[in-house]
Amino acid sequence: MSETTDLPISAELMEILRCPKGVRMKEFGDDPGRLRVVKNSWLVCDDTGLKYPIRQGIPVMLIDVGEKWAGTADEDLPVPPPEN
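This section reports on the structure supplied with the text. (Residues numbered from 1 in each chain as written. Predicted model: local features only at pLDDT ≥ 70, side-chain atom pairs only at ≥ 80, totals over all residues. Heavy atoms only, no water.)

1. Concerning the state of the cysteines
Evaluation of the coordinates by the stated rule reveals zero disulfides. Just so you know, C19 is unpaired, no disulfide at all, and the nearest cysteine sulfur is the one on C45, 4.0 Å from it. Among the residues examined, C19 registers a relative accessible area of 0% and is labelled buried. (Disulfide = S-S within 2.5 Å. Buried < 20%, exposed > 50% of the residue type's maximum accessible area, 1.4 Å probe, protein only.)

Laid out in C-alpha cells, this is it:
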C-alpha cells in the first residue's frame with residue numbers, strides 16, 4: 001500500500017480513505033478507489049489515475065485537484081506538493 005512504514009497519515013485512515021471519483025465506479029471491482037502513498041506526500045488511485053496531495057498531514061481529496069495531477073508520472077510529482 002505504501003512505499004514506507006512511516007506513513008504521513010495514519011494506517012487506520014488509509015484503510016477507509018478512497019478516491020471520491022473511483023469509489024463510485026463499480027467496474028473497478030468490490031473495493032474501488034483504493035489509494036496508495038507515493039513519495040510520502042501523495043495519495044494515488046490506480047483505478048482512476050487521480051493523484052491527491054497531502055499537505056501538512058491532511059489529504060486534499062478534491063476531484064478537481066486529483067485530476068490536475070493525473071497526467072503526472074509518480075516519479076515527477078513535486079515534494080512537497082504545491083499549495084495551489
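Further notes follow.
2. Topic: the environment of R55
Residue placement: R55 occurs in strand β3 (residues 51-55). C-alpha of R55 to C-alpha of P8: the two residues are 47 residues apart in sequence and 9.5 Å apart in space. In contact with R55, other than residues within four places in its own chain, are V60, P81, P82, E83 and N84. (Helix = DSSP H or I, 4+ residues; strand = E, 2+ residues; numbered from the N terminus. Contact = heavy atoms within 4.5 Å.)

3. Re the environment of G33
Of note, G33 is situated in the loop between α1 (11-16) and β1 (35-38). Its relative accessible area of 0% is what places G33 among the buried residues. As for G33 and V44, which are separated by 11 residues in sequence, their C-alpha atoms are 9.2 Å apart. Beyond its immediate sequence surroundings of up to four residues, G33 is in contact with L17, R18, C19, G22, V23, C45 and D47.

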